[in-house]
Amino acid sequence: MLEKWGPLTVGTAFCILSKKCMDPIIRRFAVAQLDIMLDNQSFPLFILPFIQVEMVDYLHRLSLLVKGIREKEAATERLREELRNNCPTLEKIDSPLDPSNALGHLRIDKCRVLGSAKMPLLLSWQNRSPLSEYHLPTYEIIFKNGDDLRQDMLVVQMLELMDSIWKRNQLDCCLSTYPVLPMGTKYGMISVVPNCSTIFEIQSEGGKVGTAVKSLETTFINRYIKSNAGSTKKYMECVDRFLMSCVGYSVGTFIMGIMQNELSNANEVLSLRATVRRSRAPLETERQSIIGLRSIWESLKTQTEIDRRESGWRT
């Protein structure tokens, strides 16, 4: 009977391997067909979406579970307990955000529930990709349930487009974007930017906590850069990079009409996540944001010139 079927398509073979068809003979036939059609290079391209579905389904159920716990610490403990019992589901797979990164063992002690209204899950893995120990030994993903990440993805894609246009015209605004993957209208994944601090975290360390860009104390960023630069030359380079990134993000977000900043978000550089408004006229919040950035800019420029004169360093 099976001989009369003829060759199967890849899609048909995968459908046969679903739960709807449990006959072992037919399933072996489907596997044999896949073995003929797919090699070691093409097989991961087809199997990855199925792995993602299983992964997302589990994370979705897990996020609903922890949302029933109000205290963040208790929710984090419940998250880690569930992960310990279901580690294989999330281990030894390729990253849905970037298949070039292979996810190894979960770093359960580093996984936690983030303190925002939607209670997103921060998950951390050992990166088992070749040579990852030299550039990215760990890999982290934020799973969000309750937000429409399609808007986030659009904003990031627009910034990448602007960045490519600027670079073609010999202007590098030092933008650092990150992968965003919507997996539905209300949930998806965001890649965590490694080795970074948010404006809110830097403010908190300096004892200056504000709720908007206009309330930023204008010298704390300069002190932070200087304390982490190590050398005068490196400090000057960091200041130039920060100033150019301010230019890029200010222009980009102004063009897109972005407002409502969240300084505490784990991935935001001067608050990238925002609400896109349709009016082209700048609102008061946008005007204040630009004024605040200009104040930081002028402060950094002034302090940089003073440091250059004192150190005798020249560009």
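Conventions adopted
- For every chain, the first residue of its written sequence is number 1, and the numbers climb from 1 along that sequence.
- pLDDT decides what is reported in this predicted model: residues at 70 or higher carry local features, side-chain atom pairs at 80 or more are listed and counted, and totals for whole chains, interfaces and linings draw on all residues regardless.
- Computation of side-chain values covers all heavy atoms of the structure but excludes hydrogens and water.
- Secondary structure elements follow DSSP: runs of H or I of four or more residues count as helices, runs of E of two or more count as strands, with numbering from the N terminus.
- We call a residue buried when its accessible area falls under 20% of the maximum for its residue type, exposed when it is over 50%, and partly exposed in between, using a 1.4 Å probe and counting protein chains only.
- Contacts are residue-level and defined by heavy atoms, with any inter-residue pair within 4.5 Å sufficient.
- Using a 1.4 Å probe, accessible areas were evaluated by the Shrake-Rupley method; residue-level cover was limited to the displayed protein chains.
- Stacked, tilted and edge-to-face are the three classes applied to pairs of Phe, Tyr and Trp rings, where Trp contributes its six-membered ring and a pair requires centres within 6.5 Å; stacked means planes under 30 degrees apart, edge-to-face means over 60, and tilted covers the rest.
- pLDDT expresses, on a scale from 0 to 100, how confident the predictor is about each individual residue.

Re the overall build of the chain
When helices and strands are counted, the chain shows eleven helices and nine strands. Classification of the 315 residues of the chain by burial places 41% in the buried group. Looking at the chain alone, contacts between residues at least 24 apart form 61% of all its contacts between residues at least 6 apart. Working note: accessible area of the chain is about 18,400 Å², and carbon and sulfur atoms make up 54% of it.

A closer look at the packing of aromatic side chains
What the rule picks out here adds up to one aromatic pair. Ring centres of Phe143 and Tyr187 lie 6.4 Å apart, and the angle between their planes is 35°; on these two criteria the pair is classed as tilted. In this pair, Phe143 sits in strand 5 (residues 138-145) while Tyr187 sits in strand 7 (residues 187-191), placing the two residues 44 residues apart along the sequence.

Notes on the confidence of the model for the chain
Taken residue by residue, the chain gives an average pLDDT of 77. The fraction at 70 or more is 73%. Within the model, pLDDT remains below 50 along residues 210-215, and this stretch shows eleven contacts once partners closer than five positions in the same chain are excluded. Confidence drops under a pLDDT of 50 for residues 260-291, and excluding neighbours within four residues, the segment shows 72 contacts in the predicted structure.

Quick word on the environment of Pro88
Among the secondary structure elements, Pro88 is positioned in helix 5 (residues 87-90). You can call Pro88 exposed: its relative accessible area is 67%. Measuring from C-alpha to C-alpha, the distance between Pro88 and Leu106 comes to 9.1 Å, with 18 residues separating the pair along the chain.

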